[in-house]
Amino acid sequence: MTRRTDVVVVGGGQAGLAAGYHLRRRRLDFVILDAAAGRGGSWQHMWDSLHLFSPAEHSSLPGRPMPARAGGA
């Protein structure tokens, strides 16, 4: 049986995962291919952990939930 895929994303790093997020929101069938077995691309080999150093409202990572503002606003 042949599987139909709308989009093939090459690379599972930050850009590939961001592309996957937007493709899922558009309800497209896609696959992300990467040489590594796990997600995250080079992040897992270059840094002990990933911590955003900017406030969440300036984060460019799609799909990352924003924290609630103080005072319920």
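Since the structure is predicted, the reported quantities are computational estimates derived from the model, not experimental observations.

Visitor: What is the right way to look at the overall build of the protein chain in this model?
Guide: Looking only at helices and strands, the protein chain has two helices and two strands in total. Mapped from its N terminus to its C terminus, the protein chain presents α and β elements in the order β-α-β-α. The 73 residues of the protein chain split such that 18% are buried. By sequence separation, contacts in the protein chain at least 24 residues apart represent 36% of the contacts at least 6 residues apart. By element, 54% of the accessible surface of the protein chain is carried by carbon and sulfur atoms, the whole surface being about 6,300 Å².

Visitor: Even after reading the chapter, I still don't get the pairing of strand S1 (residues 7-10), so can you show me in this structure?
Guide: Strand residues, when the strand is regular, have side chains that alternate between the two faces of the sheet. Bridge count between S1 and strand S2 (residues 30-33): four bridges; the pairing is parallel. Directly across from Val-10, in S2, lies its bridge partner Leu-33. The parallel pair S1 and S2 is bridged by helix H1 (residues 14-25), and the resulting crossover is right-handed.

Visitor: Before we go on, may I ask you to explain the pattern of salt bridges in this structure?
Guide: Pairing between side chains of opposite charge can happen when the charged atoms of each approach one another. By the definition in use, this model includes two salt bridges. Between Asp-29 and Arg-3 there is a salt bridge; the shortest N-O distance is 3.1 Å. Of this pair, Asp-29 sits in the loop between H1 and S2 while Arg-3 sits in the segment before S1, and the two are 26 residues apart along the sequence. On the basis of relative accessible area, Asp-29 is assigned to the partly exposed category, the value being 27%. Its salt-bridge partner being Arg-4, residue Asp-6 comes within 2.3 Å of it at the nearest N-O pair.

About the thresholds
- Residues numbered from 1 in each chain as written.
- Predicted model: local features only at pLDDT ≥ 70, side-chain atom pairs only at ≥ 80, totals over all residues.
- Heavy atoms only, no water.
- Helix = DSSP H or I, 4+ residues; strand = E, 2+ residues; numbered from the N terminus.
- Buried < 20%, exposed > 50% of the residue type's maximum accessible area, 1.4 Å probe, protein only.
- Contact = heavy atoms within 4.5 Å.
- Areas by Shrake-Rupley, 256 points an atom, 1.4 Å probe, with all protein chains shown as cover.
- Pairing = 2+ DSSP bridges.
- Right-handed = clockwise from strand over helix to strand, strands pointing away.
- Salt bridge = Lys/Arg side-chain N within 4 Å of Asp/Glu carboxyl O.

In short, geometric facts, not functional conclusions.
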